[in-house]
Amino acid sequence: MTLPDPVGVCTDLRQETFELPAQAVSVSDARNRAFERLLQWGFAPETCHTARLVVSELFTNAVLHTDSDRIGCLLYVADGQIRIEVRDQGSYTSTPVRRFPGADEERGRGLQLIETLTQAWGVESAGLGLGHIVWAVIRP
């Protein structure tokens, strides 16, 4: 996965990609990899915790709601802005959307949480029949 520079000429570019099996046990590995990498890059623990939660939510959604074998994750830092992308292989035609679950529902709040924790988030097609990329931006 390659991304254009989101803020023009970049003075501080860091990138980490990894791919894991689309299994529930991979979620903790994904969130821990993100947390550790951002700590190594010098981000404050609070920012790393936020990113870990975002990765966890996006990765969990990909595991639960797609028919993927593997899920990719990209951490992209440019000029202090963190972009997180989770890419699935799902062949579904619908896109992830924020839900408004009732008080008694146990699921459906993940994208509301993402919206609260990040400055922006969105969904892009990875190509016809190639799944989606769900991304979020954190500005520490």
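Residues numbered from 1 in each chain as written. Predicted model: local features only at pLDDT ≥ 70, side-chain atom pairs only at ≥ 80, totals over all residues. Heavy atoms only, no water.

**Side note on the overall build of the protein**
Worth spelling out the cut-off: The numbering of helices and of strands both runs from the N terminus, where a helix is a DSSP run of H or I of at least 4 residues and a strand a run of E of at least 2. Summary of the burial criterion: residues with accessible area below 20% of their type's maximum are buried, those above 50% are exposed, and those between are partly exposed, where the area comes from a 1.4 Å probe applied to protein chains only. Throughout, a residue-residue contact means that at least one pair of heavy atoms, one from each residue, lies within 4.5 Å. Per-residue and other accessible areas were derived by the Shrake-Rupley procedure at a 1.4 Å probe size, with only the shown protein chains allowed to occlude residues.
Per the secondary structure count, the protein includes three helices and five strands. What you see in the protein, going N to C, is helices and strands ordered as β-α-α-β-β-α-β-β. When burial is assessed residue by residue, the protein has 40% of its 140 residues classed as buried. Across the protein, the fraction of contacts at a sequence separation of at least 24, relative to all contacts at a separation of at least 6, is 63%. Taken as a whole, the protein presents about 7500 Å² of accessible surface, with 50% of it coming from carbon and sulfur.

**Quick notes on the pattern of salt bridges**
How we decide: A pairing counts as a salt bridge when a side-chain nitrogen of Lys or Arg comes within 4 Å of a carboxyl oxygen of Asp or Glu.
Following the criterion strictly, the structure yields five salt bridges and no others. R70 is paired through a salt bridge with E19; the nearest N and O atoms lie 2.8 Å apart. Here E19 lies in strand β1 (residues 13-21) and R70 lies in strand β2 (residues 70-78), a separation of 51 residues in the sequence. Take R70: its relative accessible area is 33%, and that puts it in the partly exposed class. Note that E85 and R83 form a salt bridge whose closest N and O atoms lie 2.9 Å from each other.

**Let's talk about helix α1 (residues 25-40)**
Given 3.6 residues per helical turn, the α-helix brings residues three or four places apart onto the same face. Convention followed: Here a helix's expected span is defined as the number of its residues, less one, multiplied by 1.5 Å.
Taking 1.5 Å of rise per residue, the 16 residues of α1 would be expected to cover 22 Å, and the 24 Å separating its terminal C-alpha atoms lies within 8% of that figure. Buried within α1 are the following residues: S26, V27, A30, A34, F35 and L38. Just beyond α1, the residue with positive phi is G42, at close to 95°.

**A look at the nonpolar core**
Condition: To form a nonpolar core, buried Ala, Val, Leu, Ile, Met, Phe, Trp, Tyr and Cys residues must be joined to one another through side-chain atoms within 4.5 Å.
Residues L38, L58, F59 and I84 are the most contacted members of the largest nonpolar core, which totals 30 residues. Those elements giving two or more residues to this core turn out to be β1, α1, α2 (45-65), β2, β3 (81-87), α3 (110-117) and β5 (132-138). Element by element, the count of residues in this core is highest for α2, at eight residues. In contact with L38, other than residues within four places in its own chain, are F43, C48, A51, V77 and I82.

**Section: the packing of aromatic side chains**
This is how it is decided: In this scheme Phe, Tyr and Trp rings, the latter by its six-membered ring, pair at centre separations within 6.5 Å, and the angle between planes marks the pair as stacked below 30 degrees, edge-to-face above 60, and tilted otherwise. Lysine and arginine charges are scored as sitting over a ring when NZ or CZ, respectively, is within 6 Å of the ring centre and within 35 degrees of the ring normal.
Considering all chains together, one arrives at zero aromatic pairs under this definition. Across from the ring centre of F35, 4.1 Å away, lies the NZ or CZ of R52, which sits over that ring.

**As for the pairing of β2**
Our working definition: Pairing between two strands requires that DSSP report at least two bridges joining them.
Taken across its nine residues, β2 has eight buried, putting it largely inside the fold. As paired strands, β1 and β2 are joined by nine bridges and run antiparallel to one another. Paired with F18 across the strands is C73, a residue of β2. In the sheet, β2 pairs with β3 via seven bridges, with the strands oriented antiparallel. Along β3, the bridge assignment pairs L75 with I84. Between β2 and β3, which pair antiparallel one after the other, the connecting turn spans two residues, and D79 there sits at a positive phi close to 50°.

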